[in-house]
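# Residue-level structure breakdown
Listed below are the residues making up each chain.
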Amino acid sequence: MRLHLYSRFLLRQGSVYSGLNFPRQFPSARTFHATARAQVIKPFLLADIGEGIRECEIIQWFVEPGARVEEWDKLCEVQSDKASVEITSKFDGVIKKLYYEAGEMAKVGKALVDIDIQGEIKEEDLAALTEPGTGGISQIQAQDQAKKPLEAQFTESIQPPEASSAPEKVSPPKGKHATLATPAVRHLTKQLDVRIEDVNGTGRDGRVLKDDVYQFAKQRDTAPAQLQSSPSAPRGPQTETPTKLSNTQYQMFKTMTNSLVIPHFLYADEIDFSNLSELRARLNKGLAKSPINEIRKISFLPFVIKAMSMAIQRYPILNARVDTDPESGKPILIMRSQHNIGIAIDTPSGLMVPVIKDVSNLDIASIAAELNRLQALATTGKLSSKDLSGGTITVSNIGNIGGTYVSPVIVEKEVAILGMGKMRTIPAFDENGAVVKKQICNFSWSADHRVIDGATMARAAEVVRSFVEDPDSMVMHLR
Amino acid sequence: MAPSRGLRPLLRTRIPALKPHARRYSEFVAAATDPSQKARVFVSQSQDPYLNLSIEHYLLQRTPGDSTILFLYTNSPCVVIGRNQNPWIEVNLGVLRNEELGVKLVRRRSGGGTVFHDEGNMNYSVICPPSEFNRDKHAEMVVRALKSLGTEKARVNERHDIVVDKEDKEGALKPFKVSGSAYKLTRLRSLHHGTCLLSSPNLESISKYLRAPAKPLIKARGVDSVSSPIANVGIDNFKFQEAVAFEFRSLYGTLSEASVWNRSIFFVDEKAKEVPEIAYGLEELMSEDWIYCQTPQFKFSTKNITETDSVQSIPSSWPPALRGIEFTAKHGKFTEVSVDYNDRTASSEQIELPLLNKLELHKITDWEQLLPPFLFTDSDRNVAVSPGRTMNQLFGMGNYEPSAYVRE
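The structure contained in this document is the topic of the report that follows. Here, residues in each chain are numbered from 1, in the same order as that chain's written sequence. All chains are assigned letters beginning at A, and all ligands numbers beginning at 1, according to the order in which they are written. The predicted nature of this model means local features are confined to residues of pLDDT at least 70 and side-chain atom pairs, given and counted, to a pLDDT of 80 or more, with totals for whole chains, interfaces and linings taken over all residues. The basis for the side-chain values is all heavy atoms of the structure; hydrogens and waters are excluded.

The next point concerns unusual backbone geometry. Trans is the common state for peptide bonds, and a negative phi is the common state for residues other than glycine. Residue and element names in this part refer to chain A. Unusually for a residue other than glycine, Trp-72 sits at a positive phi of about 80 degrees. The numbering of helices and of strands both runs from the N terminus, where a helix is a DSSP run of H or I of at least 4 residues and a strand a run of E of at least 2. Residue position: Trp-72 is located in the loop between β3 (68-69) and β4 (74-80). The phi dihedral of Asp-358 is positive, around 55 degrees, even though this residue is not glycine.

Written out as structure tokens, the structure is:
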């Protein structure tokens, strides 16, 4: 009966999405995985355990609602006449609901638990979530849903555990959540070959924390108890903590490794932002009174982006891509018509580079609006693969955080990148020799020296500079 | 020793070599976890049922995922109940505790019903990858072994048990069960184990161990044992071991040339206790918590037993005043207890029932203390009644003669 409700829900979702006609996206370099992501809590069905058995008894549960599980973690043990079977989870996620109590008969092919899936779902695993009848519809829904990057696995903020006492043979009564642990802790227990039930958790409700596992492993390996090995002691030997890369980090690792083949050269320049600041202040006053596209404030970035687009107009090689000619096997340049400028954004889960498409045909207000939209999506982790793909050149405003000169790494399938440093006020001389305040910012360009020579880069950089330093000149190019 | 020879002869003292039979457990661990072994036979030299089951569990968890293992062992007298069974339904605990034979109570990790093991009974265990698991495959293998030793009428029946067709008194062929099986399926490995009655001296008394007096009074979920008539195959232990090992080798010996097929049998002895995982599993199997508290929820009730029923279920000598004891036990602990002596009692002894809540059933060693005897007035006669004694007999507590526990 519950399954009927779910299937109706799925049906409705499916029809909404098919109506919207989302264009199918082919996975590009920027998408992280080619598999689908579901966002609802799914019932996980009891798989066929073979031998024509239609129902079996739940002997004991190893999880409870709220427990975090990883793929292959034991969910429960069931028994059917002579066979006792361990049921393991196919997904990473959080258990939301158990459909049976220990001692009840569970039906094969019906829901066993509800799991909030937080990993990828492979096509073949979709079958474990849906009954045969509703399988097709949920597949459509899964594919039409925007593909998005995985949530990074984060470690909870861990309270520092108290100094450990000598291990006792009699273990203290386990807390309610004695076997609950974050994925990072579970990974650690597997690495150190520790059973999580053995470790006394010092976290809330008896949760096992990383330090607890380390302590346990250390005490298990060295026979005498070591009272001085307190994890919170400020002085101690060098501790190495192997940490798995989050998905975002892993993607960064992969793309940057690929970027290694590009011979970079750095071209840096100091840009006078004084005029632009003034213009911006004036514009913001006007926007505060009558906003365009809901924008009340505009930052420097849209101006820089537009300036870049104009430079690319003059020097289209900056928008190109290096590839190999399939016939001759020789390197060729693929010129691209649209200026898709990627903006490097620091999000809670790591570095993301969403792309503003077709900047040459956008005005600054639209660029600003699009920038806001992408930033909002990035902070909530909801960037779609469409937003992340198709870039032709990139801007990285690390100056928001700090830094003067940077040496940015060119993104795969591009030939140039701009890194902006922090804006600062310095004293300078005007034409009369008097000391004036100037707002300057350092632009550091990196370019692919295989196809771009220093002169081209310099000229393009000069174009950007002149537009940024003298934004009024952009008026001449207004269409 | 002449000084001119130097001190070298003195220095050449011999370090005594390790006695070959004092096998360190590390050799066992190495043999079990060797990834190049695709098929291997282990035989236990211990008769401790808890240790043997722990070794079996260790082999299930630690042998390489693509290997197939045969493990043979014999146990000293014990009653082995299935993972999810109720000892108070399956076993006569009173006889178990008070019989001279000193039979142990064991709960195994695989499912299925209750069996009686002793030295005339050999157990075989096959651990294989799930892709090759099949309930009959290894039962057939054992049947081939039995046939090769002269038991021609051995076969696997529809319940995946091994039966031998024997002529009964009328000359008709009846199947007698000689081997029962149970299974444990994990993600990476599948285990099938079974026991084979070779020459058990206790065949006649097995039934008295397996008939629990409290059985008709308990309602529970869980797997019931299916009882069948049993018989001995009549084969020597050693011959059986060799025959099964031979059949196993024939089945798995012709593996790919690359795999190293070790023809020798590895003997596992008591030293295996020192392997940490085995020690851990052993402790768990021997703990009362595992044996008694893994019982699924059940309800015991002496109410609603009509006079006609009582002829079969409760001996009629048990007083009607007894009827009125009810309790539910979850994880082996009392959750609801009620005692109602249906207003025919002379005395009005109140029992402190809340005390019982959360206590473990198996820890109550004397029900007479909880339910003191009283005088019962029945049609002008005063009869001394002791419901506590009856409960003791039902649950196998107190120290009476074993026959006191046997249901008529």
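Our next topic: helix α4 (residues 183-192) of chain A. Count 3.6 residues to each turn of an α-helix, and residues three or four apart come out pointing the same way. Burial in α4(A) covers these residues: A:Pro183, A:Val185, A:Arg186, A:Leu188 and A:Thr189. In the segment just after α4(A), A:Asp193 is the residue with positive phi, at about 60 degrees. Per-residue accessibility, obtained with a 1.4 Å probe over protein chains only, is compared with the maximum for each type, and a residue is labelled buried under 20%, exposed over 50%, and partly exposed between these values.

For a regular strand, side-chain orientation follows a simple rule: the groups alternate between the two sheet faces. All names here are of chain B. Burial along strand β3 (residues 78-81) is two-sided: the residues Cys-78 and Val-80 and Val-79 and Ile-81 are all buried. Strands were regarded as paired on the criterion that DSSP finds at least two bridges between them. Strand direction decides the pairing type here: β3 and strand β4 (residues 104-107), joined by four bridges, are parallel. Its bridge partner lying in β4, Val-80 is registered against Val-106.

Here we take up the sheet that holds strand β8 (residues 111-117) of chain A. All names here are of chain A. Pairing is antiparallel across the open sheet formed by four strands, whose spatial order is β1-β8-β6-β3. Every interior strand has two partners, whereas the edge strands, β1 (41-45) and β3, have only one. In this sheet, strand β6 (residues 93-98) lies alongside β3 in antiparallel orientation, the contact comprising two bridges. Note on β6: the bridge partner recorded for Val-69 is Gly-93.

Turning next to the packing of aromatic side chains. Between the rings of Phe, Tyr and Trp (Trp by its six-membered ring), a pair exists once the centres lie within 6.5 Å; its type follows the angle of the planes, with under 30 degrees stacked, over 60 edge-to-face, and the other angles tilted. With the rule as written, the count across this model stands at 21 aromatic pairs over all chains. An angle of 75 degrees between the planes, with centres 5.2 Å apart, marks the rings of A:Phe273 and A:Phe300 as edge-to-face. Placement of A:Phe273 in the loop between β9 (264-272) and α7 (274-289) and of A:Phe300 in the loop between α7 and α8 (301-314) is noted, with a sequence separation of 27 residues between them. By relative accessible area, A:Phe273 is classed as buried at 1%. Taken together, the aromatic side chains of B:Trp88, B:Tyr292, B:Phe298, B:Phe300, B:Phe327, B:Phe334, B:Trp367 and B:Phe395 make up a single cluster linked through ring pairs.

Below, the discussion takes up the side chain of B:Thr114. All names here are of chain B. With respect to the secondary-structure elements, Thr-114 resides in the loop between β4 and β5 (115-117). Take Thr-114: its relative accessible area is 12%, and that puts it in the buried class. N or O atoms closer than or at 3.5 Å make up a polar contact, with two conditions inside protein: a donor-capable atom paired with an acceptor-capable one, and, for residues adjacent in sequence, both atoms drawn from side chains. Engagement of the side chain of Thr-114 in a polar contact is seen with the side chain of Gln-85, the distance being 2.8 Å. For Thr-114, the side chain forms a polar contact with the side chain of Glu-90, separated by 3.3 Å.

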